[in-house]
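A structural walkthrough
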Amino acid sequence: MGSVDETNSFQCCHTSETLQTNGVMPVVSDPIRAKSLLRANLVSAKPPILQSRMPNIKVFSGTSHPDLAQRIVDRLGIDLGKVVTKKFSNLETCVEIGESVRGEDVYIVQSGSGEVNDNLMELLIMINACKIASASRVTAVIPCFPYARQDKKDKGSFSVKPKKSLRTSRAPISAKLVANMLSVAGADHIITMDLHASQIQGFFDIPVDNLYAEPAVLKWIKENISEWKNSIIVSPDAGGAKRVTSIADRLNVEFALIHKERKKANEVASMVLVGDVKDRVAILVDDMADTCGTICHAAEKLMEAGSTKVYAILTHGIFSGPAISRINNACFEAVVVTNTIPQDTHMKECPKIQCIDVSMMFAEAVRRTHNGESVSYLFSNVPY
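Everything in this summary refers to the structure shown in the same document. (Residues numbered from 1 in each chain as written. Predicted model: local features only at pLDDT ≥ 70, side-chain atom pairs only at ≥ 80, totals over all residues. Heavy atoms only, no water.)

1. Looking at the overall build of the protein
The condition is simple: Numbering of helices and strands runs from the N terminus; a helix is a DSSP stretch of H or I covering at least four residues, while a strand is a stretch of E covering at least two. Only protein chains enter the accessibility calculation, which uses a 1.4 Å probe. A residue is then buried if its area is under 20% of the maximum for its type, exposed if over 50%, and partly exposed in between. Throughout, a residue-residue contact means that at least one pair of heavy atoms, one from each residue, lies within 4.5 Å.
Within the protein, the regular secondary structure consists of eleven helices and 14 strands. Here the protein holds 384 residues, and 42% of them are scored as buried. Contacts in the protein between residues far apart in sequence, at least 24 positions, make up 62% of those at least 6 positions apart.

Structure (structure tokens):
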């Protein structure tokens, strides 16, 4: 008894002989036709070429923080794009993109640290260079947003002989200016972390993803502060109240607030502590520390109020001017910062400074953006 294949073969051969003999097209039954087509497809058909949902990805680094950019591409499993940045003798910035970006999804990593103005200009030129080279989309990854503290008109400074305090100001809103410059240069998307003022997102007409260091901070606290269940989260000023309440809620601990009072302009601020920190580990949390005057005064106030230990956790450790010497002389157990700004030099000069790596958060944000996935997962989780 023959198999089904032999039967089908015999019927096909018989059909061919009939065709040659009678010259009439035979009628082949539907099951036989289907099996023949299936067999032909299995032998000769090639797998279809799947069109990618988005163009290929390229990541370039500016000169402000090449280490962070390298960590990002290492996690993504790709190579860093080739770019040459130099200055002419008159200190003009010159950028040359060393590979094709036509139709590519481009990400440029440049932090607003160090020589802020030069780095900002370099970022603008790199964005424009990629855009006019026909890049499909250009995303500026700016871990520390420059000019973020100039987000509104202040009450203004006092003149040498003021007749009245100046209630109106001719000060610029420089953060808005930077937003306009990035948009005009050709940026299609911005990725940043812990904006000093969240309303800066509204200065843009393009999408802005403001990541939060909070998940990484919570992870560090639980892994490095053994007494964290007996801790209290403290904001060094009223502006950070929302940030510390969020962290305190997730740790299920209490929070406190330090209110600064100024009697008149340019006078050293007095501080009022709101909350009970006695016999507790105080954890100061802020988004940015520049000269560190505020957090050092806050640490002294907390120790006077009876705290057993004081930690400071900051997203952006700028540490300019006398900051390092102030931290060395202060009563901190540790000053913890993220690597949105290069910290190697600061850590050598001050053993109290420790660093949290947030490159995995930026890498995951880049990957999710490239693949068209949601980024909101990163607002409450650290991608391992």
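2. As for the side chain of aspartate 151
Operational definition: Residues adjacent in sequence count toward polar contacts only when both atoms are side-chain atoms; beyond that, a polar contact is any pair of N or O atoms within 3.5 Å, and within protein one must be able to donate a hydrogen and the other to accept it.
Secondary-structure assignment places aspartate 151 in the loop between strand 5 (137-142) and helix 5 (174-185). According to the relative accessible area criterion, aspartate 151 is buried, its value standing at 6%. Here glutamine 199 takes part through its side chain, which lies 2.7 Å from a polar atom of the side chain of aspartate 151. With near-sequence residues (within four places) excluded, aspartate 151 lies in contact with Ile173, Ala175, Ala197, Gln199, Ile200 and Phe203.

3. What to know about the layout of surface pockets
The following threshold applies: Every definition here rests on a 1 Å grid over the protein atoms only: cavities are sets of points where a 1.4 Å probe fits but cannot get out, pockets are open sets enclosed by protein on both sides within 12 Å along at least five of seven lines, and lining residues have some atom within 4 Å of a point. Grid points are joined across faces, edges and corners, and a volume is the space filled by probe spheres set on the points. The residue classification treats Ala, Val, Leu, Ile, Met, Phe, Trp, Tyr, Cys and Pro as nonpolar and Asp, Glu, Lys and Arg as charged. All others, Gly included, are polar.
By volume, the second largest pocket is sized at about 340 Å³. Contributing to the lining of the second largest pocket are 19 residues, with Gly112, Ser113, Val116, Arg149 and Ile318 lying nearest its centre. Of the residues in the lining of the second largest pocket, the class split is ten nonpolar, seven polar and two charged.

4. Let's talk about the nonpolar core
Quick note on the threshold: Throughout, nonpolar core names a set of buried Ala, Val, Leu, Ile, Met, Phe, Trp, Tyr and Cys residues whose side chains join them through atoms within 4.5 Å.
Residues Ile221 and Ile233 are the most contacted members of the largest nonpolar core, which totals 43 residues. No other element matches helix 11 (residues 359-370), which puts six residues into this core. Beyond its immediate sequence surroundings of up to four residues, isoleucine 233 is in contact with Val244, Ile247, Ala248, Leu251, Val253, Glu254, Phe255, Ala256, Ile283 and Val285. Grouped together as the second largest cluster of nonpolar side chains are 31 residues, Cys130, Ala135, Ala185 and Leu195 included.

5. Points about the packing of helix 4 (residues 116-132) against helix 5
The test is simple: Axis definition: a line fitted to C-alpha atoms, limited for helices to the stretch in contact. Angles are taken between N-to-C directions and run from 0 to 180 degrees. Every angle not falling under 35 degrees, over 145, or within 65 to 115 is termed oblique; those three ranges are roughly parallel, roughly antiparallel and roughly perpendicular.
One can describe the packing of helix 4 onto helix 5 by two numbers: an axis separation of 8 Å at closest approach and a directional angle of 25°. Judged by the inter-axis angle, helix 4 sits roughly parallel to helix 5. Side by side, helix 4 and helix 5 meet where Leu120, Leu123, Leu124, Ile127, Asn128 and Lys131 of the first sit next to Val178, Met181, Leu182 and Ala185 of the second. Looking at the contact of helix 4 with helix 5 residue by residue, the class counts come to eight nonpolar, one polar and one charged.

6. Brief notes about helix 8 (residues 293-304)
Cut-off, in case you're wondering: By this rule, a helix spans an expected 1.5 Å times one less than how many residues it contains.
A rise of 1.5 Å per residue sets the reference length of helix 8, with its twelve residues, at 16 Å; its end C-alpha atoms lie 17 Å apart and thus fit the reference within 8%. For helix 8, the complete set of buried residues consists of Gly293, Ile295, Cys296, Ala298, Ala299 and Leu302.

7. Thoughts on the pairing of strand 5
Condition: Here a crossover is taken to be right-handed if, once the strands point away from the viewer, the path from the first strand over the helix to the second is traced clockwise. Following DSSP output, two strands are said to pair if at least two bridges run between them.
Burial within strand 5 is extensive, with five of its six residues counted as buried. Between the parallel pair strand 4 (residues 105-109) and strand 5, the chain is carried across by helix 4, and the sense of this crossover is right-handed. Relative to strand 6 (residues 189-193), strand 5 runs parallel, the two sharing four bridges. Bridging across to strand 6, threonine 139 finds its partner in histidine 189.

8. Quick notes on the side chain of asparagine 210
Among the secondary structure elements, asparagine 210 is positioned in strand 7 (residues 208-211). The exposure class assigned to asparagine 210 is buried, which follows from its relative accessible area of 5%. Within the local environment of asparagine 210, its side chain forms a polar contact with the backbone nitrogen of aspartate 194, the two atoms lying 3.1 Å apart. A distance of 3.2 Å separates a polar side-chain atom of asparagine 210 from the backbone nitrogen of leucine 195.

9. Some thoughts on the packing of helix 3 (residues 66-76) against helix 11
Put simply, the rule is: Each crossing is labelled by how the near helix is turned from the far one, with a counterclockwise turn of less than a right angle marking it left-handed and a clockwise turn marking it right-handed.
Interaxial distance between helix 3 and helix 11 falls to 9 Å at its minimum, and their mutual angle equals 55°. Judged on the interaxial angle alone, helix 11 and helix 3 are oblique. Relative to helix 11, helix 3 is oriented so that their crossing is right-handed. Contacts between helix 3 and helix 11 involve Leu68, Arg71, Ile72, Arg75 and Leu76 on the former and, on the latter, Ser359, Met360, Phe362, Ala363, Val366 and Arg367.

10. Focus: the sheet that holds strand 6
Taken together, five strands build an open sheet; the order of strands is 1-4-5-6-7 and the sheet is parallel. In this open sheet, the two strands that pair with only one neighbour each are strand 1 (57-61) and strand 7. Going from strand to strand, the sheet's axes swing by 15° on average, the running direction of each strand aside. Each of strand 1, strand 4 and strand 5 is contacted by helix 4, which is oriented at about 165° to strand 5, the strand it contacts most.

11. A look at the packing of aromatic side chains
Heads up, the rule is: What counts as a ring pair is set by centres within 6.5 Å for rings of Phe, Tyr and Trp (its six-membered ring), and what kind of pair is set by the plane angle: stacked under 30 degrees, edge-to-face over 60, tilted for all other angles.
For the structure shown, the criterion picks out three aromatic pairs. A centroid spacing of 6.0 Å and a plane angle of 80° characterise the contact between phenylalanine 145 and phenylalanine 204, whose relative ring orientation is edge-to-face. Here phenylalanine 145, found in the loop between strand 5 and helix 5, pairs with phenylalanine 204, found in the loop between strand 6 and strand 7; they are 59 residues apart in sequence, far enough to count as distant. On the basis of relative accessible area, phenylalanine 145 is assigned to the buried category, the value being 4%.

12. Comments concerning helix 4
Its 17 residues give helix 4 an end-to-end C-alpha distance of 24 Å, which sits within 8% of 24 Å, the value for a rise of 1.5 Å per residue. Residues Asn119, Leu120, Glu122, Leu123, Leu124, Met126, Ile127, Ala129 and Cys130 constitute the buried set of helix 4. Next to the buried residues of helix 4 lie strand 1, strand 2 (83-87), strand 3 (93-97), strand 4, strand 5 and helix 5. Looking one or two residues past helix 4, serine 134 carries a phi angle of roughly 70°, positive in sign.

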